[in-house]
Amino acid sequence: MVDLDALITFGNTGGTWFFPDTVNAPITGSSQINPATLTAGSYTIFYTTNNAVAPCKNDTTGVNLLIRNCACPSVAVSSPLQGLCSESGTLNLNTLLLTGEPGTWSIVSAPAGTKPAVITGSSFVTNSSDAGTYRIRYTLSNAVAGCPDFSEVNLNVIATPTITVAEVKCAGDLQSWEATVTTTGVPTSSEGTVVSLGGNQYRIENITLNSPLQVSVSSGNGLCTTTIDIASADCACTISVSNLPLSVDLCPDDNITLQGQVNDPKGSVTAFWIVGNDSLYQTTLQVTQAGSYEFVAEDALGCKASQIVNVAYYQEMIPGVSWVDITCPGDHDGVIAIQGIMGGNGPYFIAVDGGAQEQITVFPHIIDGLGAGTYHLELTDGNNCKTELEVEIKSASSESLSLGPDQTILAGDSVVIKPQLSFVPDTFYWSGDDGHLLQSDQLNQVIHPENDQLYQLSGIDEKGCLYTDELKIRVLLNSNIYIANVFSPNGDGVNDMLFPQTDPSITSIEYFEIYSRWGELVYSIKGITPAQSNLGWDGTLNSERMMPGVYVYRVGATNKRGKEFFITGDVTLLR
């Protein structure tokens, strides 16, 4: 028997105990029940007080009763003492068993997510699993009818905190460094000051230079902890500038392109040239005048490096030059003398007309044996600076002697030779073929050659300069006229025009006529000179092209003696 009044721990007994109408079990002595009259299960029995004092009212409360079959096997399990971390955890569920009965474990319910924890054998395992409460069931392998065959407990999986590094940088004063992390909890650090930035971000400030940092964050009252090590930011200034000379010496009119190279910067770089009062944001600078030019580079840490380039220009070489013209035409006694050089830096070298350089060891430097003409001089100093100039060597004598153009005569004609001299020769002499035809002591000559002759007159002026000229005389036995036997007026520039060819004795062409094979006159011209070859026949009649074939020509001409010549023949026109 069970006395229900023994359950009352405060207040008076003597009230009324009763079951709901659905339960048929006797209550004896107002407070005693016999569990044997109930089947195994869970029941609620109610108690109502009956000694309330006004204005209070009697109250009713319920008491849960668990009636067990004491012959049933035990399925008792205990709740876990603590949860597991979601990142990586393992719990041997058999450590929760209060029964020795064999059975199996299973997950009845799991928190929302895509990666729930799992049970492997008797081990509850998490591997980056969903955090939350899992309902765990132990089910007996050998259940007894009418007896409980399973028990359940809750297991809490705690989210393992995360830490990611958002930024590592040097402080603005370069005396410390700082790191920004994103984490699911409030971090702690091995040194420095943690400042919340909101949005799960924290900055750890005032970290000693070159010191590593360890940052941790916990959850589940310290059950789950994540720790990361962050290497110190490199805050030492390493930036430098190279590829630039300290000084540059340039030749006059030269220029130089300076290009600075920035080495080992931290982060982005700003580079510029300081020219006078201006800053030119570029790495390359073309310099065309003397001065000091500073190249400056600054990196993201504010570290700076610079270099000044001093540019100087040499004084231009100014040579003192004199020259002597040649005495007579054809001579090679001209002279150029370099008397001295102002400016530049020795040693000095000279090249004439692109020839090999020759060092100037003493002044004046003489260049002799020169004929008339213009000479290009190139001076080079010890710094490879150059100066160029030209010197014209002329003939000191500018007289002339001419026998006129060559002549063509007919046999029996005379030739008048009248030399043209710009000076009165101190001495002259004739040479050539038949010298007996000439008067050796006379300049003007009248001769009657019977065959071709070549004569030369030499004259010497008062300076001793020699002048010469030649005269060719061609003697023709007869006057000649010639016409080609084939011509092709097709516009190719070759044999496009038919015209009589004559020697110099022919003075006029009286007529030139062309006839077809049927005697039709297709071309005619009269009273022209041998020089008017552009008036020849072009193979047309009234602007119409004539057919290819054989045509007949007639020519009448007169030579300088008045003798008339007549020739006929045929010519073939080709297309």
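None of these values were measured; they are calculated from a predicted model.

> Just to check I follow, could you spell out the overall build of the protein chain for this structure?
When helices and strands are tallied, the protein chain shows 0 helices and 53 strands. Scaling as 2.2 N^0.38, a compact globule of 575 residues should have a C-alpha radius of gyration of about 25 Å, whereas the protein chain reaches 65 Å, well beyond that. With the C-alpha coordinates of the protein chain rotated into their principal frame, the extents come out at 190 × 85 × 50 Å. Expressed as a percentage of the 575 residues in the protein chain, the buried residues total 35%. When the accessible surface of the protein chain is summed, it comes to about 32,300 Å², and 48% of that surface belongs to carbon and sulfur atoms. Between the mean site of the 23 positive side-chain charges and the mean site of the 59 negative ones, the protein chain shows a separation of 12 Å.

> So what exactly am I meant to see when it comes to the nonpolar core here?
One recurring pattern in soluble globular proteins is that nonpolar side chains are buried together. Core analysis: the biggest nonpolar cluster contains 34 residues, and W177, L213, V215, I230, L244, W273 and V311 have the highest contact counts within it. For V311, the contacting residues outside a window of four places in its chain are V248, L250, V287, Q289, A290, G291 and Y293.

> So what exactly am I meant to see when it comes to the packing of aromatic side chains here?
Aromatic ring pairs are described here by two measures, namely the spacing of the ring centres and the angle between the planes. Tallied over the entire structure, the rule returns 11 aromatic pairs. When the ring of F272 is compared with that of Y281, the centres are 5.2 Å apart and the planes differ by 45 degrees; the resulting orientation is tilted. A ring pair is formed by W537 and Y551, whose centres lie 5.4 Å apart and whose planes are at 65 degrees; its orientation type is edge-to-face. With W537 in the loop between β49 (521-528) and β50 (540-541) and Y551 in strand β52 (residues 549-559), this pair connects stretches of sequence that are 14 residues apart. Through a chain of ring-to-ring contacts, three or more aromatic side chains come together here, namely F487, W537 and Y551. Sitting above the plane of the F150 ring, R137 keeps its charged end 4.0 Å from the centroid. The residue whose ring lies beneath R517 is W518, and the NZ or CZ to ring-centre distance is 5.4 Å.

> So what exactly am I meant to see when it comes to the pattern of salt bridges here?
A side chain of one charge can pair with a side chain of the opposite charge when the charged atoms of the two come close. Taken as a whole and judged by the stated rule, the model has 8 salt bridges. Close ionic contact of E513 with R554 constitutes a salt bridge, the shortest N to O distance being 2.5 Å. With a gap of 41 residues between them, E513 in strand β48 (residues 506-515) and R554 in strand β52 connect regions that are remote in the sequence. Among the charged side chains, a network of salt bridges with common partners joins R135, R137 and E152.

> Would you mind showing me how to read the state of the cysteines here?
Any covalent bond linking the sulfur atoms of two cysteines counts as a disulfide. Taken as a whole, this structure holds 6 disulfides when the rule is applied. The disulfide partner of C72 is C147, and the gap between their sulfur atoms is 1.7 Å. Between C72 and C147 the sulfur-sulfur dihedral comes to about -75 degrees; the bridge is accordingly left-handed. Here the residue C72 occupies a position in the loop between β6 (60-67) and β7 (84-85), and C147 occupies one in the loop between β12 (132-140) and β13 (150-158), the gap between them amounting to 75 residues. Both residues of the pair, C72 and C147, belong to the buried class.

> So what exactly am I meant to see when it comes to the environment of N444 here?
Topologically, N444 is positioned in the loop between β41 (427-432) and β42 (445-447). We classify N444 as partly exposed; its relative accessible area is 46%. For the pair N444 and P419, spaced 25 residues apart in sequence, the C-alpha to C-alpha distance is 6.5 Å. With residues up to four places along the chain from it excluded, the contact list for N444 reads I417, K418 and P419.

Rules of the game
Residues numbered from 1 in each chain as written. Predicted model: local features only at pLDDT ≥ 70, side-chain atom pairs only at ≥ 80, totals over all residues. Heavy atoms only, no water. Helix = DSSP H or I, 4+ residues; strand = E, 2+ residues; numbered from the N terminus. Rg over C-alpha atoms; globule rule 2.2 N^0.38 Å. Buried < 20%, exposed > 50% of the residue type's maximum accessible area, 1.4 Å probe, protein only. Areas by Shrake-Rupley, 256 points an atom, 1.4 Å probe, with all protein chains shown as cover. Lys, Arg positive; Asp, Glu negative; His and termini not counted. Charge placed at Lys NZ, Arg CZ, Asp CG, Glu CD. Core = buried A, V, L, I, M, F, W, Y, C linked by side-chain atoms within 4.5 Å. Contact = heavy atoms within 4.5 Å. Phe/Tyr/Trp six-rings, centres within 6.5 Å; stacked < 30°, edge-to-face > 60°. Lys NZ or Arg CZ within 6 Å of the ring centre and 35° of its normal. Salt bridge = Lys/Arg side-chain N within 4 Å of Asp/Glu carboxyl O. Disulfide = S-S within 2.5 Å.

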